[in-house]
Structures are given as C-alpha cells and as structure tokens.
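Remarks on the overall topology
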Amino acid sequence: MTPYELVAAPFLEFGFMRRALAACLALSLGCGPVGVLLVLRRMSLMGDALSHAVLPGAAVGFLAAGLSLWAMSIGGIVAGLAVALLAGLVSRATPLREDASFAAFYLISLAAGVLIVSTRGSNLDLMHVLFGTILAVDDGGLLLVAGVATLTLLALALLYRPLVVESFDPGFLQAVGGRGPGAACHLLFLVLVVLNLVGGFQALGTLMAVGLMMLPAAAARFWAERVATLALAAMAVAFASGVGGLLLSFHLDLPSGPAIVLAAGGAYLLSLAVGPVGSLRVRWFPRRHLAA
Amino acid sequence: MSAAVRLTDLTLGYRRHPAVHHLSGGFADGSLTAVVGPNGAGKSTLLKAISGALKPLDGRVALQGLTARDIAYLPQQAEVDRSFPIDVIDTILLGHWRRVGPFRAVGQELRSQAEEALALVGLSGFERRPIAALSAGQFQRALFARMLLQDARLILLDEPFTAIDARTTADLLAVVRRWHGEQRTVVAVLHDFEQVRAHFPETLLLAREPVAWGRTVDTLTSANLARARAMAESWDERAGPCRRGMP
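Now for a look at the structure at hand. Everything numeric here is computed off the predicted structure, so don't read it as measured data. (Residues numbered from 1 in each chain as written. Chains lettered and ligands numbered in written order. Predicted model: local features only at pLDDT ≥ 70, side-chain atom pairs only at ≥ 80, totals over all residues. Heavy atoms only, no water.)

**Examining the pattern of salt bridges**
- By the definition in use, this model includes 14 salt bridges over all chains.
- Put simply, aspartate 169 of chain A and arginine 146 of chain B hold a salt bridge, and the shortest N to O gap is 2.9 Å. Of this pair, aspartate 169 of chain A sits in the loop between α7 (139-168) and α8 (170-177) while arginine 146 of chain B is found in helix α5 (residues 136-150), placing the two residues in two different chains. Residues aspartate 169 of chain A and arginine 146 of chain B agree in their burial class; the two are buried.
- With its nearest N and O atoms 2.8 Å apart, the salt bridge here joins aspartate 87 of chain B to arginine 226 of chain A. Residue aspartate 87 of chain B is found in the loop between β5 (71-74) and α2 (88-93), and its partner arginine 226 of chain A is found in the loop between α11 (211-220) and α12 (227-252); the two belong to separate chains. (Salt bridge = Lys/Arg side-chain N within 4 Å of Asp/Glu carboxyl O. Helix = DSSP H or I, 4+ residues; strand = E, 2+ residues; numbered from the N terminus. Buried < 20%, exposed > 50% of the residue type's maximum accessible area, 1.4 Å probe, protein only.)

So, in structure tokens, the structure goes:
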C-alpha cells in the first residue's frame, strides 16, 4: 500500500471520510482548550461525570423524536447542565465536596439514561447513542460541531483571563474581584464543557466523547508550559488523533469512535514517554545541565 | 490616631465553636502590628474575617475609610497551586486586577510598574520563568511583588515567613518596613518573637481571647505568654452557649 493509498486516498475518494475529518477538526478546536482548562482546574473526572450525565437527556430526546440530532442534543444539553448545576449547588450549600456530589448525580443520570434507552429502543440504537457514528455525520451534525467549536473559541477568548485566574488562584480573584466573576466564569465554563460533550457525543458517543477532551489535554502537559501553548498542543494532538483514528477505522474496519479515542490514548502514552516537558525520557535520560 | 480597622466584641469560629472570642480593639491607621499566639489561637481566622472572607458569628469588623478593595491579603502558602503553568510576570500583573479587571489590556505603564516591583523584591530577570521553577522563597517574593502592585491601604499577611529562608525573610521585611513608611496599615501573623520584637512596634497576643494588645514591649512579656499558653490548652469540647454580653 502506497502512502497515498494509506493516508490521502480515503479522504479524497470518500465524501463521508471528508465529513468525518471536518467534524474531527471542529471537535479538536473546541475540546482541546476546554480539556486543558479542565485539567488545570483539577476537574478531569468531572468531564467524565458530565459525559455520562448527558445520556438520559439524549435518551429522552431519542424517545420523543427517534434518532433526531437536534432532539438528542437539546436533551443532552439540558441533562448535562442540570447535573452540573445541581452538583454545584449541593457542594456550595452542604459540606459534600463537588467531586462527590458530581459522582452522585451523574450515576443517577447514567442509570436513568441506560434504563430509558434499553427499555424503549433496540440494542442497535443503544450502541449508536453510546458509541456514536462519526462516519455518518450529516449536514446538521457538522453544523452542530462547527457551531459548538466557534462558540467555544469565542467564549474562551472573552473569558480567558478570569478563567485562568480562577483556576490558578481562586482566593485572590475573590478577594480583588468579589464572588461574582469567579462564580460566573465557573458556570459559563461548565456550559462550555457540556456543549462540547454534546457536540462530541453524536460523533463519538456519550462514553467516548470525553476521551477527545481529556486525553489530548493530558498529553499536552508533556509538550508545553503555558496555558495558551497547552491549548494549541491539545488541539493539535486531538486533530492528529482524529485523523489517525479515522484511518485506522477505515483500513481495519473498526468502529470509528473507539478508534479515535484509542489513537488519542496512543498519543498520550507517546507524550508521556518522550515529550519535551517532564516526560519519562526527560526524567530518566536528562540532558546535560546548562552553564550557570 | 484613628483606627483603620475597628473590632467590636468580635467572635469568629466554625460550627459555633469560637476560634476568636469577644475581641475588641483597633488597628490604628498606618500601624504595623504582629499577631502572635499558640497554634489554634485564631490568628488566621482573624485575618480571614478582616479580609471579609469569613462572616463573624457575633460582633463586627468595621473598616474605616476603607472598602474591601483597599485590602491586600496574603494567605498561608499552601493555598496556591504552584505547579500552574503561568509565568512570574503574569502572576505579578494580577496585582493590577482592580485597574484592568477581566478584559482591559495591560499597558506599558502597568507593565513597567510590575518590573519595578519585581526589582524591589529581588526577582529582576525572572519575568518569563514559569512559577513552577521558583523556590518557595522566590515564590513568596513574587507574591509580595503582586501585593506591591495592589497598592492597598490595609495589608494582611498570614505567616509570610514560615518555611522561608533567612535572606528572603530579611528582604521581605524590608518591603514591610517600606509599607509602614508609606503609612499603610500592616497586620502580620508571625511566630518568631525575636522578629516581632525587632520589626513590629505593635503586637496582638491572641489565644482565642485577646491576652494583650499594645506596644510589643508591653505585650510580649513572659507572664502574658504563659497565660496565652494556658488559655489555648483549655478547649472545652462540650461547652454550652456563651452567655457573655447577654442581657
């Protein structure tokens, strides 16, 4: 097989692969920076929780309107935001920490979602919701992921400073800016996380969507040392994983969602091993120190 | 001299257990005060309450001619994530938050003020270093530079020199003296009595209840210190509601 056949031909010859590629690019642009901020805010597992929380909303949308993208997306957004808000409220009003209240609500949400889908739909539908179909993304789906990416980048550009400060030193932001800005940022950020997960779930499935958010962000930590470069690195890793996963899935006839997330997993392991910042290579084979 | 901060019958605590009990008094405008006392005496709690981060259980904190925005508060070290991927200069520039807020650009003037503040704390040339590469002492210097930019009338320092090397402590004490010379009100929680005697004219000796408050020479006497230790150790887990001040 020539390199052309291996890498270029699938995208040049098949329209569905080009659509999938465009969807991957849009997902990478949104999920990359959001994932980096999740990691910096020590909320990695909350991304996971929210991705599960989206399920019952998508399931109700599915029950109401069948495999309708918009019904499932709106349902997913509503369910994800409800869990995020409830968990936030509980952690502010009671001594229960935010991660624990997130876990409680997402488990309820996930179980409800699986119950709804499995009692009313066929197993095939359940697979579709859980694992997505990026190879069958239609115009509406492309618009959705592109819209989410656009909104995410605009919102992050606007909120960049308070978001970063709130992640770095929330006590300071509260002291100089009052409670308002920090809380507003946190809330808007959770909205962005949910939007990106919903954008991802129709392509990758609810369980895999968070993979394209967290794995590139974790990998980026081994390539960059500043928030902006971390976000760029995460976008690049996410897109490369998307391309790699699509090609894997095309040539080996594998399901696309898991293939993409596994490619991102591979990128993470590779970064962990040989990345230039704090990787195992740097740790075990340090280069000669600089002159003083 | 008028008081910048007046405390009236102030009781602070967590879950009804008082950490500071019926404290009244004032920090005079432009005064330099050390707060000392045994562990668990309520020193950090007092600073949190003055900064506005903690609501009193009883009594009140009155800021005179000051708003919450005129206060710079340095919490104990452990509370900031020092592995965060941010440069020294960006950390310092946060001190300008009141002027730039979440959206406005940082102009050349604010930037050169930040560089001056870095020079003053002995961190010139560190602008582009990630804070993860700083030692504990260097990071504390950076936080002092950030406070310099805050240009606050009231400065609250919670154990600023704990686990900090002697050289850094000396340099940062010079910054504290500078603030004192500029008529700012400074309140610092400290442990080192020698340091307090050498650099802080006023002292509040706290053991949940105020033991003594006034000139350092009058406050840090062996009789007062012994009393403070005894008071800190008598913690009654099953205390009933406090009746003091009730009709």
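**Quick look at the packing of α11 of chain A against helix α13 (residues 256-274) of chain A**
All names here are of chain A.
- Interhelical geometry of α11 versus α13 gives an angle of 15° and a closest axis separation of 8 Å. It follows from the interaxial angle that α11 and α13 lie roughly parallel. Crossing handedness for the pair α11 and α13: left-handed. Note on element contacts: α13 touches α11 through Ile260, Val261, Ala264, Gly265, Ala267, Tyr268 and Ser271, opposite Gly211, Leu212, Leu215, Pro216, Ala218 and Ala219. (Axes fitted to C-alpha atoms, helices over the stretch in contact; angles between N-to-C directions. Parallel < 35°, antiparallel > 145°, perpendicular 65-115°, else oblique. Left-handed = near helix turned anticlockwise from the far one by under 90°. Contact = heavy atoms within 4.5 Å.)

**What about the packing of aromatic side chains?**
- Throughout the structure, instances matching the rule amount to seven aromatic pairs over all chains.
- Centroid distance phenylalanine 168 of chain A to phenylalanine 84 of chain B: 5.3 Å. Interplanar angle 40°. Geometry classified as tilted. Note that phenylalanine 168 of chain A is positioned in helix α7 and phenylalanine 84 of chain B in the loop between β5 and α2, a pairing that runs across two chains. Each of the two residues, phenylalanine 168 of chain A as well as phenylalanine 84 of chain B, counts as buried.
- By way of ring pairs, the aromatic residues Phe14, Phe16 and Phe250 of chain A are connected into one cluster.
- Here arginine 129 of chain B stacks its cationic end above the ring of phenylalanine 126 of chain B, 4.4 Å away from the centre of that ring.
- The ring of phenylalanine 172 of chain A has arginine 146 of chain B lying over it, and the distance from NZ or CZ to the ring centre is 3.7 Å. (Phe/Tyr/Trp six-rings, centres within 6.5 Å; stacked < 30°, edge-to-face > 60°. Lys NZ or Arg CZ within 6 Å of the ring centre and 35° of its normal.)

**Structural notes on a nonpolar patch on the surface**
Residue and element names in this part refer to chain A.
- A cluster of nonpolar side chains, Met1, Leu6 and Val7, forms an exposed patch at the surface whose accessible area comes to about 310 Å².
- Mapping valine 7 onto the fold places it in helix α1 (residues 3-13).
- A relative accessible area of 43% means that valine 7 is categorised as partly exposed. (Patch = residues over 30% accessible without salt bridge, like charges linked within 9 Å, V, L, I, M, F, W, Y side chains within 5 Å. Areas by Shrake-Rupley, 256 points an atom, 1.4 Å probe, with all protein chains shown as cover.)

**Let's talk about the pairing of strand β2 (residues 17-28) of chain B**
All names here are of chain B.
- Bridging between strand β1 (residues 3-14) and β2 involves eight bridges; their strand directions are antiparallel. Its bridge partner being in β2, leucine 7 is matched across the sheet by glycine 25.
- The antiparallel hairpin formed by β1 and β2 contains two residues in its connecting segment, where arginine 15 sits at a positive phi of about 50°. (Pairing = 2+ DSSP bridges.)

**Here's the deal with empty space enclosed by the protein**
- The full count for this structure, using the stated rule, is three cavities of 30 Å³ or more.
- If you add up the space inside the largest cavity, you get close to 40 Å³.
- As for the largest cavity, its lining consists of Val176 of chain A together with Arg69, Ile71, Leu94, Gly95, His96, Trp97, Arg98 and Gln150 of chain B.
- Per-class residue counts for the lining of the largest cavity are four nonpolar, three polar and two charged. (1 Å grid on protein atoms, 1.4 Å probe; cavity = no way out; pocket = protein on both sides within 12 Å on 5 of 7 lines; lining within 4 Å. Points joined across faces, edges and corners; volume = space filled by probe spheres on them. Nonpolar A, V, L, I, M, F, W, Y, C, P; charged D, E, K, R; others polar.)

**Some thoughts on unusual backbone geometry**
Residue and element names in this part refer to chain B.
- Its identity as a non-glycine residue notwithstanding, aspartate 151 has a phi of 55°, on the positive side.
- For aspartate 151, the position within the fold is in the loop between α5 and β6 (154-158).
- Notably, alanine 163 is not glycine yet its phi reads approximately 60°, a positive angle.
- Classification of alanine 163 by relative accessible area gives exposed; the value is 69%.

**Some thoughts on the nonpolar core**
- Grouped together as the largest cluster of nonpolar side chains are 65 residues, with contacts concentrated most on Phe144, Leu157, Val176, Trp179 and Phe200 of chain B.
- Take this core: its biggest share by element is eight residues, from α5 of chain B.
- Sequence-distant contacts of valine 176 of chain B, defined by excluding residues within four places in its chain, comprise Leu32, Phe144, Leu157, Phe161, Val186 and Phe200 of chain B.
- Listed in part, the 53 residues of the second largest apolar core include Phe11, Leu38, Ala49 and Val243 of chain A. (Core = buried A, V, L, I, M, F, W, Y, C linked by side-chain atoms within 4.5 Å.)

**Focus on the interface of chain B and chain A**
- Taken together, the contact pairs 26 residues of chain B with 20 residues of chain A.
- Surface buried jointly by chain B and chain A totals about 2000 Å² across both partners, of which 61% is contributed by carbon and sulfur atoms.
- Across the chain B-chain A interface, the total number found is three salt bridges.
- Aspartate 81 of chain B serves as the salt-bridge partner of arginine 42 of chain A, at 3.3 Å between the closest nitrogen and oxygen.
- Between chain B and chain A we count seven residue pairs in polar contact (both at pLDDT 80 or more) in total. (Buried area = accessible area lost by both parts, 1.4 Å probe. Polar contact = N/O pair within 3.5 Å; in protein donor to acceptor, adjacent residues only side chain to side chain.)

**Examining the layout of surface pockets**
- The computed volume of the largest pocket comes to approximately 1800 Å³.
- Taken together, 42 residues line the largest pocket, and the ones lying closest to its centre are Arg92, Glu166, Pro170, Gly171 and Gln174 of chain A.
- Elements represented by at least two residues in the lining of the largest pocket include exactly α4 (69-93), α5 (98-120), α7, α8 and α9 (179-204) of chain A together with α1 (43-51), β5 and α5 of chain B.
- The greatest single-element share of the lining of the largest pocket, amounting to seven residues, is contributed by α8 of chain A.
- Broken down by class, the residue content of the lining of the largest pocket amounts to 18 nonpolar, 10 polar and 14 charged.

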